[in-house]
Amino acid sequence: MARHPDDNLDPPSETSSVPAQGAHSQLPPVPATDEGPPTYKSFRSELTHKDDDVIDPEWAGSIPAQYGVAPRVRIGASKWFNLLWLIPIGFVVLVIGIAVAKGIRGLPGVAAFMAEYPGTSSLRADAPVGFPAWLGWQHFLNLFFMLFIIRSGWQILADHPRLYWTRHSTPGRGWFRMQKPVPTNPLYTAKEDSITLPAGVGLPGRRHTIGLARWWHLGIDTLWLLNGLIFYVLLFSTGQWLRLVPLHWDVIPNSISVVIQYLSLNWPVETGWTNYNSLQLIAYFLTVFIAAPLALITGLGMSPALSTKFRWISSIFSIQVARSLHFLVMCYFCLFIVIHVTLVLTTGALANLNHMYAAQESESWTGFWIFAASMVIVVVAWVAATPLTYRYPRKVQRVGYALIGPAQRLFEHIDSKPGQYTEKDISPYFWHNGKYPESQEYKDLRDGDFANYKLQVSGLVANPVHLDLMALRALPQHEQITQHFCIQGWSGVAKWGGVSLQTIMDLVKPAPAAKWVVFYSFAEGSDKGLYYDAQPIEQMHYELTMLAYDMNDQALSYGHGAPLRLRNEVQLGFKMVKWIKGIEFVEDFSEVGGGQGGYNNDHEFFGYSQSI
Ligand SMILES: Nc1nc2c(c(=O)[nH]1)N[C@H]1C(S)=C(S)[C@@H](COP(=O)(O)O)O[C@H]1N2
Ligand SMILES: [Mo]
């Protein structure tokens, strides 16, 4: 068998070391102990690149497709209502509504009410007439962006297909799920829980593509918000806001009147060019001034950095409340889109399309053709988005980071200090996640209760060290009760005991050139190669950045990262390396692993500054 050149580095075996020469041969054999200068090996060679930057069937460790169940809402303690029932129920309600509206419209009282409130609230005299061209552009860009935001949002939801009202994410206590009940296996992971969406629905689509879905979601969000900001400025500088903001209480009875007119199938006269009917007015007002800002606020409510900084807000408006409301806002937008499009096309399509797409009041086909051309763009983009993402995921990651990165970096400097909870906030259930260690090296350590465990801290430091668990426990103890935010969407509060990173840094004395700190795990990632993550050194000084060896007053369990894991509370869960074997201080991470700053960044296209 050919010898690999590296084999020479192996310690000499008994037989090959016999013919020793000189005085040494007279000495008794030196037992292999830790005597002598410690060697600080690099763990970098145990990391891997992703072979191809494409999404193929080998993606994420060949994670197989797994379909969930139809969306369900919990009613009472443990009954789950299948939301597909809403389709027939909605149909029956609509039919009843039509019958009732037709029945009451002829009643004298109702007729008098409708004569007094014909359905339109009068506008202020200085309100503009008609639609300017910018409104058409704004409207198109808005709808274009929203499609990708909604699709990638569904993909993100599919990565943890459950919603809760409390930060504890306790199995069975959610209010919504698109997945079977959580299995009883205590080591079941959130990754195993992720589901595949029907083809063409999610963006990018394949199971557990949350990293890329987030670049789409947050990247396009940035464009959508920019578009929205310009829209607000133009609305208020041109007086167009007067047509979108209800200024009289009579919009309420007028909108009830419009509902009766629609339902009785005797529809109101369209005056959209000059003045919306009251129901339209309320719907547009809600969409532009309530739902859109709520989408932003609830989105930010899921940020680990912001929730930690503004813990007093987060204590009421927890990440799970934010996530649930964010989902409900999405439901509102979807409902709005369906009803809006239906009514636009059924209440004088040509005139309506001329208003919004051709900025004119006419019955010509101009608006229709512009609309049709814009829909071709929408359909092509919709269809191309998934294959392009699979082919060029690294580009999606880069463009996404270029768009949302500035905001993420802004929040990265937020100190996590206020993010502490109390004993009574500790979650009864804390999800597991990631890939468990399988190496012999780890198994042997674990079998020996980690008596032989040594944490190596090295790299750009004045004083590299090896620390066993006794040495770690002898260092000043640090405790914190904090909330964990997994990128997939679940959260949980736990008490962590261990050593603060500051204590470690006081010991090893990082060189001024050290800007990043790399944490290496005993465990591989989903796609071969060691799990690792690089963190900015600035965050290592935070009071709530620590190496934990205890969780909830017990030695850290195997599943949660025994014997040692990282806590950095401004970051998402995937940054908190479990089963740590080494820490390396480096100048930058471009030479480490795939060069993206962490295992999931290299292999699953996550980002390294995911404060939001
Ligand atoms: N070594 C290693 N550490 C890891 C992971 C992993 O796959 N491997 N997963 C991360 C993710 S995605 C999360 S959410 C947390 C989960 O920690 P927990 O299992 O204690 O909840 O660990 C992080 N640390
Ligand atoms: Mo995670």
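Residues numbered from 1 in each chain as written. Chains lettered and ligands numbered in written order. Predicted model: local features only at pLDDT ≥ 70, side-chain atom pairs only at ≥ 80, totals over all residues. Heavy atoms only, no water.

A. Representation of helix α17 (residues 501-508) in the model. Leu501, Thr503, Ile504, Met505 and Val508 are the residues of α17 that are buried. Positioned one or two residues after α17, Lys509 has a phi angle of 55 degrees, which is positive. (Buried < 20%, exposed > 50% of the residue type's maximum accessible area, 1.4 Å probe, protein only. Helix = DSSP H or I, 4+ residues; strand = E, 2+ residues; numbered from the N terminus.)

B. Representation of the environment of Ser169 within the structure. If you trace the backbone, Ser169 turns up in the loop between β3 (162-163) and β4 (176-177). We classify Ser169 as buried; its relative accessible area is 0%. Engagement of the side chain of Ser169 in a polar contact is seen with the backbone oxygen of Ser491, the distance being 2.9 Å. (Polar contact = N/O pair within 3.5 Å; in protein donor to acceptor, adjacent residues only side chain to side chain.)

C. Seen up close, the UniProt feature "domain: Cytochrome b561 bacterial/Ni-hydrogenase" (unreviewed entry) in the protein. If you check UniProt for "domain: Cytochrome b561 bacterial/Ni-hydrogenase" (unreviewed entry), the listed places come out as residues 132-350 in our numbering. For residues 132-350, the end-to-end C-alpha separation is 17 Å, with 62% helix and 2% strand making up the annotated structure. (UniProt positions renumbered as here; feature names shortened; annotations may be inferred.)

D. Examining the sheet that holds strand β5 (residues 455-459) more closely. Pairing is mixed in the open sheet, where 5 strands are placed in the order β6-β5-β14-β9-β10. The outermost strands of the open sheet, each flanked by one partner alone, are β6 (465-467) and β10 (530-536). When strand polarity is set aside, the average angle formed by the axes of neighbouring strands in this sheet is 20 degrees. As defined by bridge partners, β5 adjoins β6 across 3 bridges and the pair is classed as antiparallel. If you follow Gln456 over to β6, its bridge partner there is His466. (Pairing = 2+ DSSP bridges. Axes fitted to C-alpha atoms, helices over the stretch in contact; angles between N-to-C directions.)

E. Representation of the site of ligand 1 in the model. Taken together, 20 residues lie around ligand 1, and Trp431, His560, Arg565, Met576 and Lys578 are the ones closest in. Contact between ligand 1 and Ser521: a nitrogen atom at 2.9 Å from a side-chain N or O atom of the residue. Between an oxygen atom of ligand 1 and a side-chain N or O atom of Lys578, the distance comes to 2.5 Å. Coverage of ligand 1 by the protein amounts to 99% of the 530 Å² it exposes when considered alone. Residues that form the shell around ligand 1 fall into these classes: 9 nonpolar, 8 polar and 3 charged. (Near = heavy atom within 4 Å. Areas by Shrake-Rupley, 256 points an atom, 1.4 Å probe, with all protein chains shown as cover. Nonpolar A, V, L, I, M, F, W, Y, C, P; charged D, E, K, R; others polar.)

F. Just the packing of aromatic side chains, in detail. Considering all chains together, one arrives at 45 aromatic pairs under this definition. Taking the centre distance of 6.0 Å and the plane angle of 85 degrees together, the rings of Trp215 and Tyr401 count as edge-to-face. A residue pair is termed long-range when its members are at least 10 positions apart, and Trp215 in helix α6 (residues 210-238) and Tyr401 in helix α14 (residues 393-412) qualify at 186 residues. With respect to class, Trp215 is no different from Tyr401; both count as buried. An aromatic cluster is built from Phe131, Trp224, Trp273, Tyr276, Tyr284, Tyr332, Phe333 and Phe336, whose rings are joined through pairwise contacts. Note that Arg243 overlies the ring of Phe131, its terminal NZ or CZ placed 4.9 Å from the centroid. (Phe/Tyr/Trp six-rings, centres within 6.5 Å; stacked < 30°, edge-to-face > 60°. Lys NZ or Arg CZ within 6 Å of the ring centre and 35° of its normal.)

G. Here's a closer look at the packing of α6 against α14. Two numbers describe how α6 lies on α14: the axes approach to 8 Å, and their chain directions differ by 50 degrees. As judged from the angle between their axes, α6 and α14 are oblique. Note that α6 runs across α14; the crossing there is left-handed. Residues Leu212, Arg214, Trp215, Trp216, Leu218, Gly219, Thr222 and Leu223 of α6 form the contact with α14, whose participating residues are Pro393, Val396, Gln397, Gly400, Tyr401, Leu403, Ile404 and Gln408. Class assignment of the residues belonging to the contact of α6 with α14 gives a composition of 10 nonpolar, 5 polar and 1 charged. (Parallel < 35°, antiparallel > 145°, perpendicular 65-115°, else oblique. Left-handed = near helix turned anticlockwise from the far one by under 90°. Contact = heavy atoms within 4.5 Å.)

H. Quick peek at the sheet that holds strand β1 (residues 72-75). Strand order in the open sheet formed by 4 strands is β2-β1-β4-β3, and the pairing between neighbours is antiparallel. Every interior strand has two partners, whereas the edge strands, β2 (79-82) and β3, have only one.

I. Region of the structure containing the pairing of β5. Here β5 lies mainly inside the structure; 4 of its 5 residues are buried. Joining the antiparallel neighbours β5 and β6 is a turn of 5 residues.

J. Region of interest: the pairing of β10. Within β10, 7 of the 7 residues are buried, which leaves it mostly tucked inside the rest of the structure. The alternating pattern of β10 places Leu530, Tyr532, Ala534 and Pro536 and Tyr531, Asp533 and Gln535 on opposite faces, both of which are buried. A loop of 5 residues connects strand β9 (residues 516-524) with β10, the two strands running antiparallel in sequence, and Lys528 in this loop sits at a positive phi of about 70 degrees.

K. Region of interest: the state of the cysteines. Per the counting criterion, the structure on display carries 0 disulfides. Between Cys331, a cysteine without a disulfide, and Cys334, which holds the nearest cysteine sulfur, the sulfur-to-sulfur distance is 6.6 Å. (Disulfide = S-S within 2.5 Å.)

L. Up close: the UniProt feature "domain: Oxidoreductase molybdopterin-binding" (unreviewed entry) in the protein. Within this numbering scheme, the UniProt entry marks residues 449-588 as carrying the feature "domain: Oxidoreductase molybdopterin-binding" (unreviewed entry). Counted over residues 449-588, helix gives 13% and strand 44%. Its end C-alpha atoms are 35 Å apart.

M. Region of interest: the environment of Leu445. By the element assignment, Leu445 lies in helix α15 (residues 440-447). Given the relative accessible area of 13%, Leu445 is considered buried. Taking the C-alpha atoms as reference points, Leu445 and Pro563, 118 residues apart in sequence, are found 9.5 Å from one another. Those residues in contact with Leu445 that sit more than four places away from it in its chain are Phe450, Asn452, Tyr453 and Phe522.

N. Representation of the side chain of Ser152. Inspection of the secondary structure puts Ser152 in helix α4 (residues 133-159). In terms of polar contacts, Ser152 uses its side chain to reach the backbone carbonyl oxygen of Phe148, at 2.6 Å. Ignoring sequence-local partners within four residues, the contact set of Ser152 consists of Leu203, Ala213, Trp216 and His217.

O. Spotlight on the nonpolar core. The biggest cluster of nonpolar side chains holds 72 residues, and the ones touching the most others in it are Leu455, Leu472, Phe519, Leu547 and Phe585. When residues in this core are grouped by element, the largest group, 7 residues, is from β9. When residues of this core are sorted by domain, at least three fall in each of domain 1 (44-48 + 415-604) and domain 2 (72-372). If you look at the next biggest cluster of nonpolar residues, it comprises 45 residues, including Phe145, Leu157, Phe327 and Ile612. (Core = buried A, V, L, I, M, F, W, Y, C linked by side-chain atoms within 4.5 Å. Domains from an automatic or database assignment.)

P. Spotlight on the domain arrangement of the protein. Each assigned domain of the protein is listed with its residue range as follows: domain 1 (44-48 + 415-604) and domain 2 (72-372). Taking the mean C-alpha position of each, domain 1 and domain 2 sit 41 Å from one another. With 31 residues of domain 1 in contact, the opposing surface of domain 2 contributes 36 residues. Buried surface at the junction of domain 1 and domain 2, summed over both partners, amounts to about 2,800 Å²; 59% is from carbon and sulfur atoms. When the buried area of domain 1 at its contact with domain 2 is split by residue, Trp431, Phe485 and Gln488 rank highest and sum to 26% of it. Counting across the interface, domain 1 meets domain 2 through 0 salt bridges. Along the contact surface separating domain 1 from domain 2 lie 18 residue pairs in polar contact (both at pLDDT 80 or more). Every element with two or more residues in the side of domain 1 that touches domain 2 is listed here: β7 (478-485) and β8 (491-500). (Buried area = accessible area lost by both parts, 1.4 Å probe. Salt bridge = Lys/Arg side-chain N within 4 Å of Asp/Glu carboxyl O.)

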